[in-house]
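Each chain, written out:
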Amino acid sequence: LKKPNIVLLGAGYGGMITAARLSKKVGHDANITLVNKHDYHYQTTWLHEPAAGTLSADRTRMPIDSVLDLNKINFVKDEVVEIKREEKKVVLKQGELEYDYLVVGLGSEAETFGVPGVHEYAYCKWTVNGVREVKEHIEYQFAKYNNLSEKKDELLTFIVAGAGFTGIEFIGELSERVPELCKTYDIPQEKVKMYVIEAAPTALPGFDPELVEYAMNLLESRGVEFKINCPIKEVTEAGVILASGDEIKAETVVWATGVRGSSIIEKSGFEAMRGRIKVEPDLRAPGHEDVFVIGDCALIINEEINRPYPPTAQIAMQMAETCASNIKALMDGGSLQSFTPEIKGTVASLGGKEAIGVVGSKKLFGSTANFMKKMIDNRYLFLLGGPGLVLKRGKNPM
Ligand code: FAD
């Protein structure tokens, strides 16, 4: 009997957990292949730290062969170019793969909402290589400033577009690091300007107002200026132009206004909303019995508010568990489970020992929230690789 080919695309939160669970559930009864651009896995949820330079980028990544059993999983380091659904094939930069079951977990890309200049002039890649560039650029701005005979304010003006989760976590880290950068590069702190610009009527939409107020007060006390209800019309070489027509000159614009699903989804002809496929309850793409879609590429509706769930690592990991069980069920001729997210809480770090969040029905502030944030980061490592991985790669919660 021919063993089925299970092909997993993307080694992010969704792809890694699916691979780990499938290797246990189906073992050698299937050919499991995992494809990823790099031979390492990185934790996207940590990337605001290396972006601001408060953590080494290497701390956010780990070799795939150090966590997955590559005796049971065939790992292919390559870039996915297109999924040929009718032919049940995946086109890679350097070859092709045939599948019986496909899992799409290619993550997301920046959502620009059609604002011109984002890809050209803003930093918008939340990947290991993307954030390394942001960190180097920020340090260079500080290093350059003192050596210019005519000081330019825009050198030390930092704009974050978007006061959602990513934008707030990044400015939290940056505002925490600025005093140290000023000291290192002999720059008075008042020369540094930090803006968070948000089109919506509030920062951290969807968060409890008391937590939002705490976060904004704290960040303002570190010198961050919020411009809320203030859409950006264009990003230029010189900075940003607001819908009001005003310009803020800045040599650093970090884009964090949200994401859309991987461009491979639309390129492959799947029906999608902002690059995300509205999946069936069992996580399959509509009309495709052999294609599962998980993580940021999948869209599911929160029936209570009739709006999509935001794309999160928490949901990606939960989807991976269901996806692995459903593939096993398909192989065994059993029935498939429906996926229901179980939101355990959300915690946003604010730099240093500060954070805010909700866990269960409890609001958390400051160091308690910060402790919880690190426990959440460690929990993922535990689910992926057990206590050994937490000891090796985890964060000290104290
Ligand atoms: P990812 O984890 O992004 O993985 C996708 C993988 O696919 C990557 O390894 C990538 O290299 C690979 N890939 C992409 N394209 C290709 C291609 N063409 N070919 C081959 N490989 C490819 N969520 C939370 O739940 N809690 C948080 O606190 C939180 N904080 C965040 C902080 C930041 C700064 C950011 C940016 C996001 C945060 N998120 C958080 C969101 C979370 O990171 C994502 O929802 C999660 O990473 C999605 O998981 P995924 O498996 O879909 O994709």
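For every chain, the first residue of the written sequence is number 1, and numbering continues from 1 along that sequence. Side-chain atom pairs in this predicted model are given and counted only at pLDDT of 80 or more, local residue features only at pLDDT of at least 70, and totals for whole chains, interfaces and linings cover all residues.

The name an unreviewed UniProt entry assigns to the chain is NADH dehydrogenase, from the organism Halalkalibacter hemicellulosilyticusJCM 9152. The heading Cofactor (unreviewed entry) in the UniProt record of the chain holds the text "FAD". UniProt positions are given in the numbering used here, feature names are shortened, and annotations may be inferred rather than shown by experiment. UniProt lists a comment for the chain under the heading Sequence similarities (unreviewed entry), and it reads "Belongs to the NADH dehydrogenase family."

Asks: Would you take a moment to explain the sheet that holds strand E15 (residues 239-242) for this structure?
Replies: Remark on secondary structure: sheet strands pair via backbone hydrogen bonds, oriented parallel or antiparallel. Between any two strands, at least two bridges found by DSSP are needed for them to pair. A run of H or I in DSSP becomes a helix once it reaches four residues, and a run of E becomes a strand once it reaches two; helices and strands are each numbered from the N terminus. Pairing is antiparallel across the open sheet formed by three strands, whose spatial order is E14-E15-E16. Of all strands in the sheet, those bounded by a partner on one side alone are strand E14 (232-236) and strand E16 (247-249). The average undirected angle you get between the axes of adjacent strands in this sheet is 20°. Relative to E15, E14 runs antiparallel, the two sharing four bridges. Each residue of the ladder has a partner; that of Val235, found in E15, is Val240. A fitted line through C-alpha atoms serves as each axis, taken over the contacting stretch for helices, and the angle formed by two N-to-C directions is quoted from 0 to 180°.

Asks: Help me understand the domain arrangement of the chain in this model?
Replies: As a measure of interface size, the accessible area lost when the parts come together is often cited. Taken domain by domain, the chain holds domain 1 (5-109 + 259-343), domain 2 (118-255) and domain 3 (344-398). Domains are outlined according to an automatic or database domain assignment. Taken over C-alpha atoms, the centre of domain 1 sits 32 Å from the centre of domain 2. Throughout, a residue-residue contact means that the two C-beta atoms, derived from backbone geometry, are no farther apart than 7 Å. With 13 residues of domain 1 in contact, the opposing surface of domain 2 contributes 15 residues. The greatest single-element share of the side of domain 1 that touches domain 2, amounting to five residues, is contributed by helix H2 (residues 48-52). Classes in brief: Ala, Val, Leu, Ile, Met, Phe, Trp, Tyr, Cys and Pro nonpolar; Asp, Glu, Lys and Arg charged; the others, Gly included, polar. Each residue belonging to the side of domain 1 that touches domain 2 can be placed in one class, and the counts come to six nonpolar, five polar and two charged.

Asks: What exactly am I supposed to notice about the pairing of strand E2 (residues 31-36) here?
Replies: Regular strands place their side chains on alternate faces of the sheet. Both strand E1 (residues 5-9) and E2 contribute to a ladder of five bridges, which runs parallel. Residue pairing across strands places Val7 opposite Thr33, the latter belonging to E2. The definition of a right-handed crossover adopted here requires that, viewed with the strands pointing away, the path from the first strand over the helix to the second runs clockwise. With helix H1 (residues 13-25) bridging E1 and its parallel neighbour E2, the resulting β-α-β unit is right-handed. Across five bridges, the pairing between E2 and strand E5 (residues 73-77) is parallel. Considered in E5, the bridge of Asn36 is made with Lys77.

Asks: Please explain the UniProt feature "domain: FAD/NAD(P)-binding" (unreviewed entry) in the chain as it appears in this structure.
Replies: The positions that UniProt labels "domain: FAD/NAD(P)-binding" (unreviewed entry) are, in the present scheme, residues 5-320. Along residues 5-320 the backbone is 27% helical and 28% strand, and the end-to-end C-alpha distance reaches 18 Å.

Asks: Hey, could you run me through the confidence of the model for the chain in this one?
Replies: Close inspection of predicted coordinates is inappropriate for parts of the model with low pLDDT. Across the chain, each position has a pLDDT score giving the predictor's confidence in that residue, from 0 to 100. Looking at the chain as a whole, the pLDDT averages 96, with 100% of positions reaching at least 70. Scored as a complex, the prediction yields pTM 0.97 and ipTM 0.99.

Asks: Any chance you could explain the site of the ligand here in plain terms?
Replies: Taken together, 32 residues sit near the ligand, with Gly10, Gly12, Gly107, Gly295 and Thr312 positioned nearest. Only H1, E2, helix H5 (165-184) and helix H8 (313-332) provide two or more residues apiece to the shell around the ligand. The residue inventory of the shell around the ligand, partitioned by class, reads twelve nonpolar, 16 polar and four charged. Lining the shell around the ligand are residues from two domains, each supplying at least three of them: domain 1 (5-109 + 259-343) and domain 2 (118-255). Each residue receives a C-beta atom placed from its backbone. It is near a molecule or strand if this atom lies within 6 Å of it.

Asks: Is there a simple way to explain unusual backbone geometry in this structure?
Replies: Peptide bonds are trans in most cases, and residues, glycine excluded, mostly fall at negative phi. Positive phi values are uncommon outside glycine, yet Asn229 reaches one of about 65°. Structurally, Asn229 can be placed in the loop between strand E13 (224-228) and E14. Three classes are used. A residue is buried when 20 or more other C-beta atoms lie within 10 Å of its own, exposed when 12 or fewer do, and partly exposed in between, with C-beta atoms placed from the backbone. When the 12 C-beta atoms within 10 Å are taken as the criterion, Asn229 is described as exposed. Backbone geometry at Asn306 places phi at a positive 55°, although glycine is not the residue there.

Asks: What exactly am I supposed to notice about the packing of H1 against H8 here?
Replies: The relative placement of two packed helices is expressed as an angle between their axes plus a distance between the axes. H8 packs onto H1 with a crossing angle of 30° between their chain directions and a minimal axis gap of 8 Å. Taken together, the axis directions place H1 and H8 in an arrangement best described as roughly parallel. By crossing handedness, the relation of H1 to H8 is classed as right-handed. On H8, the residues touching Tyr13, Gly14, Ile17, Thr18, Arg21, Leu22 and Lys25 of H1 are Ala313, Ala316, Met317, Met319, Ala320, Glu321, Cys323, Ala324, Ile327 and Lys328. Here the residues of the contact of H1 with H8 are counted per class, giving eleven nonpolar, two polar and four charged. Small angles under 35 degrees read as roughly parallel and large ones over 145 as roughly antiparallel, with 65 to 115 read as roughly perpendicular and the rest as oblique. Crossing handedness is read from the near helix: turned anticlockwise from the far helix by less than a right angle, it gives a left-handed crossing, and turned clockwise, a right-handed one.

Asks: What is the right way to read the nonpolar core from this model?
Replies: Burial of nonpolar side chains together is a common tendency in soluble globular proteins. One finds Ala122, Ala161, Val253, Val254 and Trp255 to be the most contacted residues of the largest nonpolar core, which totals 61 residues. Broken down by element, this core gets its largest block of residues, seven residues, from H5. The residues touching Val254, leaving out its near neighbours within four places in the chain, are Ala122, Tyr123, Val134, Val160, Ala161 and Phe170. In terms of nonpolar packing, the next biggest core, distinct from the first, is built from 59 residues, Ala20, Met62, Ile315 and Phe339 among them. Each nonpolar core reported here comprises buried Ala, Val, Leu, Ile, Met, Phe, Trp, Tyr and Cys residues connected via C-beta atoms within 7 Å.

Asks: What is the right way to look at H1 in this model?
Replies: An α-helical segment advances 3.6 residues per turn. Residues three or four places apart therefore align on the same side. Any helix carries an expected span of 1.5 Å times its number of residues minus one. Taking 1.5 Å of rise per residue, the 13 residues of H1 would be expected to cover 18 Å, and the 18 Å separating its terminal C-alpha atoms lies within 8% of that figure. In terms of burial, H1 is a largely internal element, ten of the 13 residues being buried. Phi turns positive, to about 45°, at Gly27, one or two residues after H1.

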